[in-house]
Each structure stands twice: as structure tokens, then as C-alpha cells.
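# Analysis of the macromolecular model
Okay, here's what each chain looks like letter by letter:
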Amino acid sequence: MKKIASLTIALALGCAGAAMAQEQAQALTQQEVSAQLAQQGYSDVHDLDFRDGVWTARARSGNGEKVKLRVDPITGQAYPDKQISTISEGDIRASLSVQGYTDVHDVDFHHGIWTVKAKTAEGNRVLLKIDGQSGRIIGTS
């Protein structure tokens, strides 16, 4: 009985190793990486190259910043050289307008968070803090 259990475990580990090897053999192509980066909010992707085990590229983030990227060759997950936003200033302004905010101004992005001055639907002035990835308002004052 112990031999059967050991054999079952060995086969399972062998299959897992084979699946991992197959997954590693299925690295993303240059076109797939470019599409993945666009989905993550990057534009003007260029200098896309494979080196040192990862894809590398230069691009513009959602907030227009120039960034250098390293990209996981299996998942396409981008790792920027500095904090970025996947949404643009225009996205922020449009979202706030739909939510009833007016007089949106002083829209700035720093350290992963958008800071925006605006007026509520009632006319009160507010300072909004907005998540640079989701666009969700995370603070008001």
C-alpha cells in the first residue's frame, strides 16, 4: 500500500513538473506582450526586446509618464521602473463628471495616487485622492 501511495505521489509530482515545463515553453510572443501592455494601460510601446529572461520595453503609462518596463514572459505582467497609473487624466475627469463633480482642476499624479480639486454637486470644494489603478476615490477633504 505504501508503494502505491509513493508511486501516486511520484506520478503527481512528475505531472506537475511536466506541466510547469510546458508552461515555461509557452512564453508570450512579442505581439502578445504588446497586447498585454495595452490592456494594462500602456501606450506608445516601443523597444520591445527579450533579454535576461524577461521582455523589456519602453512605453507611456496611463498618466503619460515615460517608463521602462520589465515584463513576465509567461503572464505578461508589467513591472515599471517607477510608480504608474493605468488611467489617464482624461479618464479621471470623465469619471468625476459622471459622478456629479464640477470645476475639476489641479489634477496631479504622485506616488500612485491622483490628487484632484473639484466641487461636489452641492457646490462644496473638495480635494479628492483617487487610486491610480482602479480610479476609485479613496479619500476626500
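To keep things clear, this report deals only with the structure shown in the data block.

### Thoughts on the environment of leucine 48
Mapped onto the elements of the fold, leucine 48 is located in strand S1 (residues 43–51). For leucine 48, a relative accessible area of 15% translates into the label buried. Distance from leucine 48 to valine 71, taken between C-alpha atoms, is 9.7 Å for residues 23 residues apart in sequence. Not counting chain neighbours up to four residues away, the residues in contact with leucine 48 comprise Gln30, Val33, Ser34, Trp55, Thr56 and Ala57.

### Details of the packing of aromatic side chains
For the structure on display, the rule yields 2 aromatic pairs. Aromatic side chains phenylalanine 109 and tryptophan 114 sit 5.2 Å apart centroid to centroid with 55 degrees between the ring planes, which places their arrangement in the tilted category. This pair shows no difference in class: phenylalanine 109 is buried, exactly as tryptophan 114 is.

### Quick notes on the environment of glutamate 32
By the element assignment, glutamate 32 lies in helix H2 (residues 30–39). Classification of glutamate 32 by relative accessible area gives partly exposed; the value is 38%. A C-alpha to C-alpha distance of 9.7 Å links glutamate 32 and proline 73, two positions 41 residues apart in sequence.

Conventions used here
Residues numbered from 1 in each chain as written. Predicted model: local features only at pLDDT ≥ 70, side-chain atom pairs only at ≥ 80, totals over all residues. Heavy atoms only, no water. Helix = DSSP H or I, 4+ residues; strand = E, 2+ residues; numbered from the N terminus. Buried < 20%, exposed > 50% of the residue type's maximum accessible area, 1.4 Å probe, protein only. Contact = heavy atoms within 4.5 Å. Phe/Tyr/Trp six-rings, centres within 6.5 Å; stacked < 30°, edge-to-face > 60°.

By themselves, these observations are geometric and do not establish any function.
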